[in-house]
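Notes for the structure review
Given next are the chains, with one letter for each unit.
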Amino acid sequence: MSEQAIEKKDSAIGGDTAIQITEMHKWYGEFHVLKNINLSVQRGERIVICGPSGSGKSTMIRCINRLEEHQQGSIMVDGIELTNDLKNIDAIRREVGMVFQHFNLFPHLTVLENCTLAPIWVRKVPKKEAEATAMEYLTRVKIPDQALKYPGQLSGGQQQRVAIARSLCMKPQIMLFDEPTSALDPEMIKEVLDTMISLADTGMTMLCVTHEMGFARTVADRVIFMDGGEIIEENEPESFFTNPQSDRTKLFLSQILGH
Amino acid sequence: MTDISQKTYAPGQHPDLPPPALTTGVLGWMRANLFSSVGNGILTLAALAVLAVVLPKVLDFVFFDAVFFAEDRQECQALGSGACWAVIIERFQVSIYAFYPDELRWRPNLAFVLLFVALGPLLFDKFPARKQMLFFSMIYPFLAAWLVVGGLGLEPVETNKFGGVMLTIIIGVTGIVGSLPLGIVLALGRVSNLPAVKIVCVGFIEFIRGVPLIALLFIASTMLNYFLPPGTEFDLLLRVLIMVTLFSSAYIAEVVRGGLQAVAKGQYEAADSMGLTYWQSMRLIVLPQALKISIPGIVNTFIGLYKDTTLVIIIGLLDVLGVMKSALADPKWNGLAVEVYIYTAVFFFISCFAMSRYSLYLEKKLHTGHKR
């Protein structure tokens, strides 16, 4: 399976590659969490990553912006190699937005301040301009009227939409989503997914760890299935869901779609 | 009451009803707080009975039978059976300035008034012209030192003439203002990933916390002379100020470290993922939250430090307690320990209670409706 994956990568190089992960390994102490990960993401591509818990999905996308360190192999993001050089890490983080399972909004700042903080301090955008941009994105996620409230006063779904707007305010090239809907009530999942779908329509490069198979079907260009720290299978959503290749994928899909 | 709750409404049509009468207002409060059970009711009545017996006696001693003006203790006893506040009134000036020259007392007075001008913009963010005033706050320590110690055009005053309330405030405020930033830096150092920084900070904190303040004050007053080159003049008060600041900063560091650990890991990750540098994420994201959580602990440490300033009496500096104790040695006032200690206690209580109220105000102001 991984042989096949590498061949696929080779054909992809030379195009407009946003992320290139090559033979990447990661260990937590003695524990081998990520094994020989190879993944190439084109600009504008939408990728959904799924798999059982503990399979390394989150760890993998967290390696892309160096929230986790990999020990072997290489990761190139936007043409920049991810090394221990802080300059490279900061450069990559400026281009990669991330949305977390638990939102991670800053509770001591208003919604608007949450959105303008990074543009002002990292991109050195003037305050007025940053606020205008923030209001634009807050309007896009449909909560401009909450701008002066604190995150603690919003519902979970609203908080996650603020988190998405906050990431977009940095004008990133790539967006990473780490289970963005799994801490939400069913009624709020839809509003967040709608926001993500409209973001996908703008041509954003997206990597999304999620169990929302409906989202994967409608939005993803490619679905990746991981288990035990390896990429087991990757395919277009249609073939992935109707004709999974490995037994492990079949079992996973039967469990997740069976009810 | 009963017929309201027995009324039925169609599903979805139930209006908001007022709460039962006994759960709100004065009656509700009394029921909830004073008579919530038979046991509590008995305790409330017992407490009232004790107050009825004790309170008149206390008031008699402090006010009605007290003597405010007298020449010495004999006269006090002749005039009334209560407290002899005459000793406090006679010693009041000394309790504040100790041996500071009379004609120069306007200098510490001015420094004291300016202290509030300097603290205002630091403590209250709605202070008028706050940005400009913060500049004054920054130069205030040097201005105050110049006013109090003299030199550069002002007549110098030896620091061994300092004492009383003035000395307590000098040591307390310096310790508080100096130890907060130092403590924050030590806390950040202790949780740092850089091994050298971490070892230095952990070593410093553990050493200081493991040694009593009295021992450190002794080191400051005697042993430092052995380490310093012979002939160096190093003011005793300055040494004490440094020791008190270092001592308190170690405690502040541990309180702040607790706050740092209470900030969710996701906050650090969100800050990192947006490309903020270490110092930016500490200053803008982590410390505001960590310090907010630490406010009770920080103020607790400050209050402890402020009261610990009385320990300087051991190395011969006379703070407010030390000065007042010397009044007891005066044959004129011999034996009036209760009055003298009440006075000192009231002084400390007012200072510490003010700090405590400010910390509550700050906690309320910084509360932004999020759960921790």
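Residues numbered from 1 in each chain as written. Chains lettered and ligands numbered in written order. Predicted model: local features only at pLDDT ≥ 70, side-chain atom pairs only at ≥ 80, totals over all residues. Heavy atoms only, no water.

Before going further, it helps to spend a moment on the overall build of chain A. From N to C terminus, chain A includes 10 helices and 10 strands. Compactness check: chain A gives a C-alpha radius of gyration of 18 Å against a globular reference of 18 Å for 259 residues, within 12% of the reference. When its C-alpha atoms are laid out on the principal axes, chain A stretches across 50 × 45 × 35 Å. Taking as baseline every contact in chain A between residues at least 6 positions apart, the subset at least 24 positions apart corresponds to 67%. (Helix = DSSP H or I, 4+ residues; strand = E, 2+ residues; numbered from the N terminus. Rg over C-alpha atoms; globule rule 2.2 N^0.38 Å. Contact = heavy atoms within 4.5 Å.)

The secondary structure content of chain B amounts to 15 helices and zero strands. Here the C-alpha radius of gyration of chain B, 27 Å, is well above what a compact globule of 372 residues would show, namely 21 Å. Summarising its shape, the C-alpha atoms of chain B cover approximately 90 × 75 × 45 Å along the three principal directions. For chain B, the residues scored as buried account for 40% of the 372 residues in total. The long-range share in chain B, meaning contacts at least 24 apart out of those at least 6 apart in sequence, stands at 66%. Of the side chains in chain B, 27 bear a positive and 24 a negative charge, and the two mean positions are spaced by 12 Å. (Buried < 20%, exposed > 50% of the residue type's maximum accessible area, 1.4 Å probe, protein only. Lys, Arg positive; Asp, Glu negative; His and termini not counted. Charge placed at Lys NZ, Arg CZ, Asp CG, Glu CD.)

This paragraph deals with the pairing of strand 9 (residues 222–227) of chain A. Both faces of the sheet carry side chains from a regular strand, because those side chains alternate between them. All names here are of chain A. Among the six residues of strand 9, five are classified as buried, and the element is accordingly described as predominantly covered. As defined by bridge partners, strand 3 (residues 46–50) adjoins strand 9 across four bridges and the pair is classed as parallel. Residue isoleucine 47 lies in a different strand from strand 9, and its bridge partner there is arginine 222. Strand direction decides the pairing type here: strand 9 and strand 10 (residues 230–235), joined by five bridges, are antiparallel. Paired with isoleucine 224 across the two strands is glutamate 234, which belongs to strand 10. The hairpin formed by strand 9 and strand 10 contains two residues between the paired strands, and glycine 228 there has a positive phi angle of roughly 60°. (Pairing = 2+ DSSP bridges.)

Attention now moves to the environment of B:Gly153. Considering the arrangement of structural elements, one finds B:Gly153 in the loop between helix 7 (130–149) and helix 8 (164–190). In this structure the C-alpha to C-alpha distance between B:Gly153 and B:Val62, which are 91 residues apart in sequence, comes to 46 Å.

For the rest of this paragraph, the subject is the domain arrangement of chain B. The extent of an interface is frequently quoted as the accessible surface area lost upon association of the parts. On domain assignment, one finds that chain B holds domain 1 (22–64) and domain 2 (93–100 + 157–366). Computed from C-alpha coordinates alone, the two centres of domain 1 of chain B and domain 2 of chain B are separated by 38 Å. (Domains from an automatic or database assignment.)

Before going further, it helps to examine the interface of chain B and chain A. At the junction of the two partners, chain B supplies 20 residues and chain A supplies 22 residues. Summing the contributions of chain B and of chain A, the shared interface buries around 1900 Å²; its carbon and sulfur component is 62%. When the buried area of chain B at its contact with chain A is split by residue, B:Ser273, B:Met274 and B:Thr368 rank highest and sum to 30% of it. On the surface where chain B and chain A come into contact, there are one salt bridge. One salt bridge connects B:Glu269 with A:Arg62, and the closest N-O pair in it is separated by 2.6 Å. (Buried area = accessible area lost by both parts, 1.4 Å probe. Salt bridge = Lys/Arg side-chain N within 4 Å of Asp/Glu carboxyl O.)

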